[in-house]
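The primary structure of each chain is shown beneath.
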Amino acid sequence: MRNSLAPLEAPLEHVRALIERATEAPSLTALAHAAKLSPSHLQRAFRRRYGMSPAEYHRARRFGHFKTALRKGAAVSDAVYDAGFGSGSRVYEHTNRLLGMTPASYRAGGAGAHIRYTTTSTPLGQLLVAATAKGICSVTLGASDQELERRLADEFPKASRERVDNGREEWLDAVIARIAAQLGWSDREAPDMPPLDIAATAFQWRVWEALTRIPAGITKSYGELAAELGKPGAARAIGQACGNNRLALIVPCHRIVREDGSLGGWRWGVERKRMLLEQEDRQHAAAHEHA
């Protein structure tokens with residue numbers, strides 16, 4: 001997946017930058033022209049790289065600010081206009097796609113939302129994957145199912161939550177299979193990533209996308225990643241974006257270390273981070289031996 005998108009990274013990054021600067025979502029035709037790709041090719045490649053279409057990315061950029069305001073207790077009407085939506089109707093038109101619930105419901109702890117989840121055992125402990133009707137909303141690691149279920153309840157205390165197991169949920173199963181394939185826990189080919197239901201700021205999306213470009217077996221410091229993003233003074237902001245990552249292993253924030261090379265923190269545990277990096281080092285070395 002990563003190799004097939006490598007020649008497109010520059011045009012996709014150009015398109016992403018155009019979207020972030022735009023007040024109104026640019027048309028797919030205009031973006032395709034800027035990228036020198038056909039509209040259908042751009043649509044497919046952009047979705048594979050970012051987990052959403054260009055139009056959805058533009059909405060997610062604004063929804064990041066909108067979601068933060070709601071969490072801080074802002075009135076829905078104030079959050080609507082501060083995020084640049086122009087009218088409440090435009091927010092509610094696309095709310096389910098990006099939040100899986102209404103804005104007031106999200107602020108109220110997910111009231112009215114329905115979240116499906118499952119857990120599985122991994123070499124790093126228990127893994128929980130959760131999804132709304134619109135996409136994956138959480139991938140977390142922990143010591144037990146009870147711990148992971150408690151975290152999910154803390155994030156969405158008033159949402160209805162349903163456990164689904166035994167291959168009954170295609171998206172959840174696909175994420176588990178993808179993680180297992182990428183980390184060498186399975187010989188099966190990694191399936192495509194399902195759609196995401198994670199609202200975030202534009203900067204967070206940019207950091208997370210940059211993290212997915214760090215190959216397994218390679219680490220970078222907060223400062224190095226900040227410099228790559230053209231924001232050399234933003235190392236602390238990089239750390240905050242990593243801390244806000246809700247997609248363990250899918251967005252590989254474990255590959256970010258301190259400037260002196262020490263591991264630093266990881267929201268799912270430093271010891272798990274150490275084990276994961278050691279495993280990726282072994283995979284990286286083995287791949288080069290057979291190259």
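Criteria and thresholds
Residues numbered from 1 in each chain as written. Predicted model: local features only at pLDDT ≥ 70, side-chain atom pairs only at ≥ 80, totals over all residues. Heavy atoms only, no water. Buried < 20%, exposed > 50% of the residue type's maximum accessible area, 1.4 Å probe, protein only. Helix = DSSP H or I, 4+ residues; strand = E, 2+ residues; numbered from the N terminus. Pairing = 2+ DSSP bridges. Axes fitted to C-alpha atoms, helices over the stretch in contact; angles between N-to-C directions. Contact = heavy atoms within 4.5 Å. Salt bridge = Lys/Arg side-chain N within 4 Å of Asp/Glu carboxyl O. pLDDT = per-residue confidence, 0-100. Core = buried A, V, L, I, M, F, W, Y, C linked by side-chain atoms within 4.5 Å. Phe/Tyr/Trp six-rings, centres within 6.5 Å; stacked < 30°, edge-to-face > 60°.

S.K.: Any chance you could explain the pairing of strand S3 (residues 136-142) here in plain terms?
M.R.: The side chains of a regular strand alternate, first on one face of the sheet and then on the other. S3 sits mainly inside the fold: 7 of its 7 residues count as buried. When strand S2 (residues 125-131) meets S3, the two strands line up antiparallel, connected through 6 bridges. The residue bridging Leu-127 from the neighbouring strand is Leu-141, located in S3. The antiparallel hairpin formed by S2 and S3 contains 4 residues in its connecting segment.

S.K.: Is there a simple way to think about the sheet that holds S2 in this case?
M.R.: Sheets are built from strands paired through backbone hydrogen bonds, the pairs being either parallel or antiparallel. Ordered by their spatial adjacency, 4 strands build an open sheet running S3-S2-S1-S4, and the pairing between neighbours is mixed. In this open sheet, the two strands that pair with only one neighbour each are S3 and strand S4 (160-163). Across the sheet, the axes of successive neighbouring strands diverge by a mean angle of 25 degrees, strand direction being ignored. Together, strand S1 (114-122), S2, S3 and S4 form the strand contacts of helix H9 (residues 145-155), whose direction differs from that of S3 by roughly 140 degrees. Contacting S1, S2 and S3, helix H10 (residues 170-182) runs over the sheet at an angle of about 140 degrees to S2.

S.K.: What's the story with the pairing of S2 in this structure? I'm lost.
M.R.: A large share of S2 lies buried, amounting to 6 of its 7 residues. Taking the residues that link successive antiparallel strands as the turn, the S1-S2 hairpin has 2 residues.

S.K.: How should I be thinking about the pattern of salt bridges in this particular structure?
M.R.: A side chain of one charge can pair with a side chain of the opposite charge if their charged atoms are brought near each other. Under the counting rule described, the total for this entry stands at 11 salt bridges. Across the pair Glu-155 and Arg-246 runs a salt bridge, and its minimum N-O distance is 4.0 Å. Pair noted here: Glu-155 is in helix H9 and Arg-246 is in the loop between helix H13 (235-243) and strand S6 (256-257), with a separation of 91 residues, a long-range link. Given a relative accessible area of 22%, Glu-155 falls into the partly exposed group. Through salt bridges with shared partners, one network takes in Asp-145, Glu-149, Arg-163 and Asp-165.

S.K.: What is the right way to read unusual backbone geometry from this model?
M.R.: Among all residues except glycine, the phi angle is most often negative; among peptide bonds, the trans geometry is most common. Positive phi, normally seen in glycine, also occurs at Lys-36, with a value near 60 degrees. Its place among the elements puts Lys-36 in the loop between helix H3 (28-35) and helix H4 (39-50). You will see that Leu-249, though not glycine, has its phi angle at about 75 degrees, which is positive. For Leu-249, the location among the structural elements is in the loop between H13 and S6.

S.K.: Looking at this model, I keep getting lost on the confidence of the model for the protein. Mind explaining?
M.R.: Regions with low pLDDT should not have their predicted coordinates read in detail. Looking at the protein, the pLDDT average stands at 80 and 75% of residues meet or exceed 70. By mean pLDDT, helix H7 (residues 88-98) is the weakest element of the protein at 46, and S2 is the strongest at 95. This model gives residues 86-100 a pLDDT under 50, and the stretch forms 47 contacts once residues within four places in sequence are excluded.

S.K.: How should I be thinking about the environment of Pro-11 in this particular structure?
M.R.: Mapped onto the fold, Pro-11 is located in helix H2 (residues 9-21). Classification of Pro-11 as buried rests on a relative accessible area of 18%.

S.K.: Is there a simple way to explain H9 in this structure?
M.R.: Since one α-helical turn is 3.6 residues long, residues separated by three or four positions face the same way. Of all the residues in H9, the buried ones are Asp-145, Glu-147, Leu-148, Leu-152 and Ala-153. The inward-facing, buried residues of H9 contact S1, S2, S3 and S4.

S.K.: Is there a simple way to think about the nonpolar core in this case?
M.R.: Most often, soluble globular proteins have nonpolar side chains that are buried together. Ile-136, Val-139, Leu-211 and Leu-249 are the most contacted members of the largest nonpolar core, which has 51 residues in total. By residue number, the principal contributor to this core is helix H11 (residues 202-212), which donates 5 residues. If near-sequence neighbours (up to four positions away) are discounted, Leu-249 is found in contact with Leu-124, Leu-127, Leu-141, Ile-179, Leu-183, Trp-185, Trp-266 and Leu-276. One finds Ile-115, Leu-128, Ala-130 and Leu-152 within the second-largest nonpolar core, a separate group that totals 9 residues.

S.K.: What's the story with the packing of aromatic side chains in this structure? I'm lost.
M.R.: Centre-to-centre distance and the angle between the planes together describe a pair of aromatic rings. If you walk through the whole model with that rule in mind, you get 2 aromatic pairs. Look at Trp-205 and Trp-208: their rings are 5.5 Å apart centre to centre, the planes differ by 75 degrees, and that puts the pair in the edge-to-face class. Within this pair, Trp-205 and its partner Trp-208 are both found in helix H11, separated by 3 residues, close to a single helical turn. Residue Trp-208 is classed as buried on the basis of its relative accessible area of 4%. Relative to Trp-268, the ring of Trp-266 lies with its centre 5.3 Å away and its plane at 75 degrees, an arrangement referred to as edge-to-face. Per residue, the accessibility class of Trp-266 equals that of Trp-268, and both read buried.

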